[in-house]
Amino acid sequence: MRLTNYTDYSLRTLIYLAVRKQEKLATIKEIADSYHISKNHLMKVVYELGKAGYLENIRGRNGGLRLGKSPEEINIGQVVRLMEEDFHTVECFDPSKNLCVISPSCRLKGVLGEAMHAYLSVLNKYTLADVLVNEEELFQLLRFE
């Protein structure tokens, strides 16, 4: 069960903005530079997070980004569900593409489904605030100006 880069970048963006606080708006370029990731990929992530209300996008000359909700209100499981395209870990999870010949009798699908449910259940237990317990260390690693 692997998250896409899209979801990874989403979570990293939320962490960056939470550590930065609301004092100064951040730019996509600053976030991309801090993590050494593509600015173009991050633009798509920021757009989607903004649509969902997780980010506030301020336009204009002095514009930028900040969290649209408090870290306590941002559930990690919900963010992952929003940003992941699907959870088809194996072919048989997608009926439209399932060509596996043993699918009608296979019990593995149930086992993997249970594992996916457990995975998402654990993520549901945590908010962004929960992953910021080492905020000072994160602040130093992100090298804010």
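For the structure itself, consult the block above.
First, a word on scope: everything that follows refers to the structure included in this document. (Residues numbered from 1 in each chain as written. Predicted model: local features only at pLDDT ≥ 70, side-chain atom pairs only at ≥ 80, totals over all residues. Heavy atoms only, no water.)

## Description of the overall build of the protein
Step number 1: Helix and strand content of the protein: six helices and two strands.
Step number 2: On the principal axes, the C-alpha backbone points of the protein span a range of 60 × 30 × 25 Å.
Step number 3: Across the 145 residues of the protein, 33% fall into the buried class.
Step number 4: In the protein, 64% of the contacts between residues at least 6 apart in sequence involve partners at least 24 apart.
Step number 5: For the protein, the computed accessible surface area is about 9,400 Å², with 53% contributed by carbon and sulfur atoms.
Step number 6: Across the protein, the centroid of the 19 positively charged side chains sits 5 Å from that of the 19 negatively charged ones. (Helix = DSSP H or I, 4+ residues; strand = E, 2+ residues; numbered from the N terminus. Buried < 20%, exposed > 50% of the residue type's maximum accessible area, 1.4 Å probe, protein only. Contact = heavy atoms within 4.5 Å. Areas by Shrake-Rupley, 256 points an atom, 1.4 Å probe, with all protein chains shown as cover. Lys, Arg positive; Asp, Glu negative; His and termini not counted. Charge placed at Lys NZ, Arg CZ, Asp CG, Glu CD.)

## Observations concerning the pattern of salt bridges
Step number 1: Inspection of the entire model under this criterion finds five salt bridges.
Step number 2: A salt bridge links Glu30 to Arg20; its shortest N-O distance comes to 3.2 Å. Taken as a pair, Glu30 in helix α2 (residues 28-35) and Arg20 in helix α1 (residues 5-20) lie far apart in primary sequence, 10 residues in all.
Step number 3: A salt bridge links Asp33 to Lys29, with the nearest nitrogen and oxygen atoms 2.7 Å apart. Remark: Lys29 and Asp33 occur in helix α2; sequence separation between them is four residues, near one turn of the helix.
Step number 4: Looking at Lys29, the relative accessible area reads 47%, which means it is partly exposed. (Salt bridge = Lys/Arg side-chain N within 4 Å of Asp/Glu carboxyl O.)

## Details of the environment of Leu25
Step number 1: Tracing the sequence through the fold places Leu25 in the loop between α1 and α2.
Step number 2: As a C-alpha pair, Leu25 and Glu114 span 89 residues in sequence and 41 Å in three-dimensional space.

## With respect to the packing of aromatic side chains
Step number 1: Across all of its chains, the model carries one aromatic pair by this definition.
Step number 2: Note that Lys69 overlies the ring of Tyr54, its terminal NZ or CZ placed 4.8 Å from the centroid. (Phe/Tyr/Trp six-rings, centres within 6.5 Å; stacked < 30°, edge-to-face > 60°. Lys NZ or Arg CZ within 6 Å of the ring centre and 35° of its normal.)

Purely geometric numbers; function is a separate question.
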